[in-house]
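# Analysis of the macromolecular model
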Amino acid sequence: MTETEGITYAAAGVDTEAGDKAVEMMKAAVAKTHGPEVLGGVGAFAGLFDASALLSYERPLLASSTDGVGTKIVIARALDVHDTIGQDLVAMVVDDIVVCGAKPLVMTDYIACGKVVPERIADIVRGIAEGCEMAGVALVGGETAEHPGVMEPDDYDVAGAAIGVVEASALLGPERVAAGDVVVAMASSGLHSNGYSLVRSVVRHAGWELSTTIPELGRTVGEELLEPTRIYSRLCVDLAASVPGLRAFSHVTGGGLAANLARVLPRGLAATVARDAWDLPAVFSVVQGAGAVPWNDLESTLNMGVGMVAVVAPDDADALIASSAAAGVPAWTLGSVVQDPALPVGPDVVRGAKGVDGGSVLLSGAYRA
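To start, this report covers the structure provided alongside it. Every value quoted in this text rests on a predicted model; they were computed, and no experiment measured them.

### Topic: the overall build of the chain
Tallying secondary structure elements over the chain gives 11 helices and 15 strands in all. Taking 21 Å as the expected radius of gyration for a compact globule of 369 residues, we find that the chain reaches 22 Å, a close match to that expectation. With the C-alpha coordinates aligned to their principal axes, the bounding extent of the chain is approximately 80 × 60 × 35 Å. Out of the 369 residues in the chain, the part that is buried amounts to 49%. Taking the contacts inside the chain whose residues are at least 6 apart along the sequence as the reference set, 82% of them involve residues at least 24 apart. For the chain, the accessible surface area stands at approximately 16300 Å², while carbon and sulfur atoms represent 54% of it.

Right, dumping it as structure tokens:
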């Protein structure tokens, strides 16, 4: 470069033309998530959503959530498979919103990368758009930022945020939970999108490659680790509208089953969870065995095959289980809500979590492999 040429943005490592190309490649997928409520289409500074429907609410409460997919993204980058990580992102965001009974309305995404590769960015956003279609939420905006010198050319990370709405009188949560309620598990699709720092450590310890086939799994390590997170939002919204005795949902993410269930229980009550109430999916026992991971550490990190939990009145438990199964999500009874015996916190007793001073969860028995 001569003195007269100067330093351009492209020379500094940012290719705005590549960014524009990526937008063109993703526009069709994003547009599929738009109903008549979305105004302006793709490319505006702000996404517009017609909220006229909220006028029918007596007291609408807005629910919001934001999240990413953690170190699962390392697996996607290593395998050069980028069209599934978007479903993970949508699931992690919108399934937090439906826990309170809210219907997700709109979502936005953010992608930071070392270098914009239009095809890769388009794959990521296409996955996000497909996840939004599954969830029944409009993808109304997003941003792709190129960070040369901060991230390596093939590095990227994703994050998302969503907003939903719930009628105040229909709000689900601890205030509705009572002794005698039934705790229902809704199956996960696998590891989902948390605990991958532990899982990746186990993979390294075992000396596996992502191409290694594990007989117990019936597929490669990479295929298992990239299994997309199940999206529960449409099902949960339907259950909230159709099951009168529904008290609360709990989205099982970081912290595991017991800690997340404890967040939706009031003080003074406890939920019993029988570990032998379901067959433990193979991936969890494989991770445990390959890394000699202590069982209590495993269950405080991974979902153990339960991605969502519902707390429901006894008379409505069977209907909820049947509705979940009809939607393609196996469900079963985990336990029940009882008066908290105030046992000391230990490996089998979890009380409160993530800043919530709530009830307790009592784990009993052993997992069925």
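### Side note on the environment of H192
Within the element layout of this structure, H192 appears in the loop between β7 (182-187) and α5 (196-206). When the C-alpha positions of H192 and I214 are compared, they lie 18 Å apart, and in sequence the two are 22 residues distant. Dropping the residues within four chain positions of it, H192 is found in contact with K72, D88, T229, R230, Y232, N303 and G307. For H192, the side chain forms a polar contact with the main-chain nitrogen of S189, separated by 3.0 Å. At 3.4 Å, the side chain of H192 forms a polar contact with the backbone nitrogen of R230.

### As for the packing of α5 against helix α9 (residues 282-291)
In the contact formed by α5 and α9, the axes pass within 9 Å of each other and the chain directions differ by 55 degrees. As far as their axial angle goes, α9 and α5 are oblique. At the point where α5 passes α9, the crossing takes the left-handed sense. Within the contact between the two elements, α5 uses V202, H205 and A206 and α9 uses V287, A290 and G291. Of the residues assigned to the contact of α5 with α9, the class counts are four nonpolar, two polar and no charged.

### Things to note about unusual backbone geometry
We note that A292 has phi near 50 degrees; this positive angle belongs to a residue other than glycine. Under the relative-accessibility criterion, A292 is labelled exposed at 60%. Unusually for a residue other than glycine, M304 sits at a positive phi of about 60 degrees. Relative to the assigned elements, M304 resides in the loop between α10 (295-299) and β12 (306-312).

### Description of the state of the cysteines
Applying the stated rule across the entire model yields zero disulfides. Residue C100 stays outside any disulfide, its sulfur separated by 11 Å from that of C236, the closest cysteine. Unpaired in terms of disulfides, C132 finds its nearest cysteine sulfur in C236, a separation of 16 Å.

### A closer look at helix α4 (residues 118-135)
The terminal C-alpha atoms of α4, which comprises 18 residues, lie 25 Å apart, in line with the 26 Å expected from a rise of 1.5 Å per residue. When α4 is considered as a whole, its buried residues turn out to be P118, R120, I121, A122, I124, V125, G127, I128, A129, G131, C132 and A135. Positioned one or two residues after α4, G136 has a phi angle of 75 degrees, which is positive.

Cut-offs applied
Residues numbered from 1 in each chain as written. Predicted model: local features only at pLDDT ≥ 70, side-chain atom pairs only at ≥ 80, totals over all residues. Heavy atoms only, no water. Helix = DSSP H or I, 4+ residues; strand = E, 2+ residues; numbered from the N terminus. Rg over C-alpha atoms; globule rule 2.2 N^0.38 Å. Buried < 20%, exposed > 50% of the residue type's maximum accessible area, 1.4 Å probe, protein only. Contact = heavy atoms within 4.5 Å. Areas by Shrake-Rupley, 256 points an atom, 1.4 Å probe, with all protein chains shown as cover. Polar contact = N/O pair within 3.5 Å; in protein donor to acceptor, adjacent residues only side chain to side chain. Axes fitted to C-alpha atoms, helices over the stretch in contact; angles between N-to-C directions. Parallel < 35°, antiparallel > 145°, perpendicular 65-115°, else oblique. Left-handed = near helix turned anticlockwise from the far one by under 90°. Nonpolar A, V, L, I, M, F, W, Y, C, P; charged D, E, K, R; others polar. Disulfide = S-S within 2.5 Å. Expected span 1.5 Å × (residues − 1).

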